[in-house]
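# Structural description and commentary
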Amino acid sequence: VKRLQKELLALQNDPPPGMTLNEKSVQNSITQWIVDMEGAPGTLYEGEKFQLLFKFSSRYPFDSPQVMFTGENIPVHPHVYSNGHICLSILTEDWSPALSVQSVCLSIISMLSSCKEKRRPPDNSFYVRTCNKNPKKTKWWYHGKQFEFVVTF
């Protein structure tokens, strides 16, 4: 809880560019946050508004947070499924307790900002029909900028 409180303060006082903590989201629980995000200037997402949902287990920071896009506007991106799930290695196998909410936010900003073409992952419709509600339960295979998921039941 101490670590979460420290990160909450950091996000309130020094948020990454284009990100703001949704204060209402933390009024009832410190283990679930919503971060409002605006697409970076000069990118395909400039001026667009998104929301990221962070859920923290009691094992955080040893266990990565569950992070996904939520709300009305899910970015159209090759690594973002239409249900909000994000394929980003630091959210699963490359997570380290040295990472933080700030570093996750910066990675997501960077991922969106470097996008050259707005499109969904090629397997979007199958994935959305068959995946678990928790994106951390997906087994991702990463190979460079390519990725696949493995359906596990």
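The model shown is predicted, which means the values in this text are computed figures rather than measured ones.

Most of strand S4 (residues 66-70) is tucked away: four of the five residues are buried. The pairing of strand S3 (residues 49-55) with S4 spans five bridges and is classified as antiparallel. Paired with glutamine 51 across the bridge in S4 is threonine 70.

The next point concerns the confidence of the model for the protein. On average, residues of the protein score 90 in pLDDT, and 91% of them are at 70 or above. No element of the protein has a lower mean pLDDT than strand S6 (residues 146-150), which averages 51, and none a higher one than S3, which averages 98.

In this section: the sheet that holds strand S2 (residues 32-38). The four strands lie next to each other as S1-S2-S3-S4, forming an open sheet whose pairing is antiparallel. Taken across any chain shown, the strands that pair with only one partner, and hence form the sheet edges, are strand S1 (19-21) and S4. Geometrically, the sheet is characterised by an average inter-axis angle of 25 degrees between neighbouring strands, direction not taken into account.

Thresholds, definitions, all that
Residues numbered from 1 in each chain as written. Predicted model: local features only at pLDDT ≥ 70, side-chain atom pairs only at ≥ 80, totals over all residues. Heavy atoms only, no water. Buried < 20%, exposed > 50% of the residue type's maximum accessible area, 1.4 Å probe, protein only. Helix = DSSP H or I, 4+ residues; strand = E, 2+ residues; numbered from the N terminus. Pairing = 2+ DSSP bridges. pLDDT = per-residue confidence, 0-100. Axes fitted to C-alpha atoms, helices over the stretch in contact; angles between N-to-C directions.

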